[in-house]
There are 2 protein chains.
Amino acid sequence: MSNHETKKQEILDAFQFRHATKEFDPGKKIPDEDFRFILETGRLSPSSVGYEPWKFVVVQNEKLREKLREVSWGAQGQLPTASHFVVILARTIKDTKYDSAYVENQMLNVKKIPEEIFEQMKIRYKSFQEHDLHLLESERAIFDWASKQTYLALANMMTAAAQIGIDSCPIEGFNFDKVQNILKEEGLLEDGHLAISAMVAFGYRANEPRPKTRKPLEDVVQWIN
Amino acid sequence: MSNHETKKQEILDAFQFRHATKEFDPGKKIPDEDFRFILETGRLSPSSVGYEPWKFVVVQNEKLREKLREVSWGAQGQLPTASHFVVILARTIKDTKYDSAYVENQMLNVKKIPEEIFEQMKIRYKSFQEHDLHLLESERAIFDWASKQTYLALANMMTAAAQIGIDSCPIEGFNFDKVQNILKEEGLLEDGHLAISAMVAFGYRANEPRPKTRKPLEDVVQWIN
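Note that this is a predicted model, so its numbers are computed, not measured. (Residues numbered from 1 in each chain as written. Chains lettered and ligands numbered in written order. Predicted model: local features only at pLDDT ≥ 70, side-chain atom pairs only at ≥ 80, totals over all residues.)

Student: Any details on the overall build of chain A? Residues and values, ideally.
Tutor: Looking only at helices and strands, one finds ten helices and five strands in chain A. In terms of its C-alpha atoms, chain A occupies a principal-axis envelope of roughly 55 × 55 × 35 Å. Considering chain A as a whole, with its 225 residues, one finds that 45% of them fall into the buried category. Pairs at least 24 apart in sequence give 82% of the contacts found in chain A among residues at least 6 apart. (Helix = DSSP H or I, 4+ residues; strand = E, 2+ residues; numbered from the N terminus. Buried ≥ 20, exposed ≤ 12 C-beta atoms within 10 Å, placed from the backbone. Contact = placed C-beta atoms within 7 Å.)

Spelled out as structure tokens, the structure:
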């Protein structure tokens, strides 16, 4: 096989390797530099109009893990056993509305966009948020929009992990309100600028998974030629 | 460097290579087997409770591309030049509500879950959708939930493409209602069971991008030890 074909096969093998790991081997820890690599793929992920509307909270504290476990039915086996457990937060309307202080800082200081261009972009983004995607129809709609961006980072972190032999499990099985309360009490939500989007556990599998099931390609792809 | 370190560096290089390509070289086409590989990474992506609530419509027809271009300010340079242009659809409440015919088929026939276990899962998923994530609070909320899952596939397709030297651009810059109308007229929405989630163009860059900007890791990661 050519290098190109080998690379494709290795990537597809990683997709087969990855599965929603319910329980990790509690004795195996991810080396620091490998976990940093995983976080880097999250950080370097794309996001709509470059807002980077996310924060990755790495919960290694056992007491906090136990508190989260009480309100997260989908993380019962993962929270006590994962080498690293990440709570992914997304930014709320306070930071993602086109005219927020967060957006201004992101555009001028992170993306280094000249001020006069940013002023033009703001008009476009206003119309984008208000009319094109109706994101300002509710606080939930614009939060879910930010949350969608965090799913790009989530996918990239899980796939990158799989490519170096590290298991993971994405988790939505939690009570939103109760997790919010816990995170608020811990002072992690930046005064309402952040809210829980998803969770993801990383480590090494304790058991082999069932074979992967997916619909065939022809059921999920349609060509318009 | 060890094989492990080389692999990590190659993946990070792909993240640096990937950028939102505004214009592609119209003369360069992605080989069929490479594009099929990209679609495979979408198909093999994870989704909440295994619903696979997505469809990938590959729009190669010039007339349809032109129609979409008229209502997609964010795809002006991409639609006429992309080697392959994908409209990502997500499933609506008709298919994603815990008691839908789609979910039943997905669980029993795709995932091959025994009927009695599925009946138990349905109770859990009802509570998950109703109480944990409040997904049934509006049709939009449950659609955005399905749409989040498509962003996992979107990220995986773009990163996999980058790893084999193929450029891409994720696109949200379109008028939702107008794109819906076009797709409905073309008979692509399965009678309201699907709606537009995002678009993504693939091909080979026409120009070199500006350097990538991102917040530093310490601004997006917080450790709770």
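After that view of the structure, there is still more to cover.
Student: I'd like a description of the packing of helix α2 (residues 32-43) of chain A against helix α8 (residues 139-163) of chain A, backed by residues and values.
Tutor: Residue and element names in this part refer to chain A. The contact between α2 and α8 brings their axes to 8 Å, and the two run at 145 degrees. Taken as a pair, α2 and α8 cross one another with a handedness that is right-handed. For the pair α2 and α8, the contacting residues are Phe37, Ile38, Thr41 and Gly42 in the first and Ala153, Asn156, Met157, Ala160 and Ala161 in the second. (Axes fitted to C-alpha atoms, helices over the stretch in contact; angles between N-to-C directions. Left-handed = near helix turned anticlockwise from the far one by under 90°.)

Student: Tell me what's going on with the interface of chain B and chain A, and back it up with residues and numbers.
Tutor: Across the boundary between the two partners, chain B contributes 63 residues, which contact 63 residues of chain A. Those elements that place two or more of their residues in the side of chain B that touches chain A are α1 (3-17), α2 (32-43), β1 (54-59), α6 (115-132), α7 (139-163), α9 (217-220) and β5 (221-224) of chain B. With 13 residues, α7 of chain B is the single largest residue contributor to the side of chain B that touches chain A. Class assignment of the residues belonging to the side of chain B that touches chain A gives a composition of 32 nonpolar, 16 polar and 15 charged. Judged from the four bridges that link them, strand β1 (residues 54-59) of chain A and β5 of chain B form a sheet pairing that is parallel. Of the residues in β5 of chain B, the one forming a bridge with Val57 of chain A is Gln222 of chain B. (Nonpolar A, V, L, I, M, F, W, Y, C, P; charged D, E, K, R; others polar. Pairing = 2+ DSSP bridges.)

Student: Let's hear about unusual backbone geometry: which residues, and what values?
Tutor: Phi angles above zero are rare outside glycine, and Lys112 of chain A is one such case at about 55 degrees. Here Lys112 of chain A lies in the loop between α6 (101-110) and α7 (115-132). Located in the positive-phi region is Val49 of chain B, a residue other than glycine, with phi close to 45 degrees. Note on placement: Val49 of chain B falls in the loop between α2 and β1. The exposure class assigned to Val49 of chain B is buried, which follows from the 22 C-beta atoms found within 10 Å.

Student: Break down the sheet that holds strand β4 (residues 194-203) of chain B for me, citing the residues and quoting the values.
Tutor: The strand order across the open sheet built from five strands is β5(A)-β1(B)-β2(B)-β4(B)-β3(B), with neighbouring strands paired in mixed fashion. A strand with exactly one partner marks an edge of an open sheet, and here the two such strands are β5 (221-224) of chain A together with β3 (167-171) of chain B. Adjacent strand axes in the sheet meet at a mean angle of 25 degrees, parallel and antiparallel pairs treated alike. Pairing between β1 of chain B and strand β2 (residues 84-91) of chain B: five bridges, direction antiparallel. Following the sheet pairing, Val58 of chain B is matched in β2 of chain B by Val86 of chain B. Of the strands in this sheet, β1, β2, β3 and β4 of chain B are in contact with α7 of chain B, which crosses β4 of chain B at around 10 degrees.

Student: Tell me what's going on with the relation of the copies chain B and chain A, and back it up with residues and numbers.
Tutor: Once turned by 180 degrees and shifted 0.0 Å along the axis, chain B lies on chain A with an RMSD of 0.0 Å. One copy is carried onto the other by what is essentially a two-fold rotation axis. Within chain B, the C-alpha atom positioned nearest to the axis of rotation is that of Lys148 of chain B, 2.3 Å from it. A high fraction, 100%, of the interface residues of chain B reappear at the interface in chain A, so the copies pair face to face through one surface. (Least-squares fit on C-alpha atoms with pLDDT ≥ 70 in both.)

Student: Give me the environment of Phe35 of chain A: which residues, what numbers.
Tutor: Residue and element names in this part refer to chain A. Inspection of the secondary structure puts Phe35 in helix α2. In this structure Phe35 comes out as partly exposed when scored by C-beta crowding, with 19 C-beta atoms within 10 Å. Measuring from C-alpha to C-alpha, the distance between Phe35 and Met157 comes to 9.6 Å, with 122 residues separating the pair along the chain. Residue contacts for Phe35: discarding those within four places in its chain leaves Ile30 and His84.

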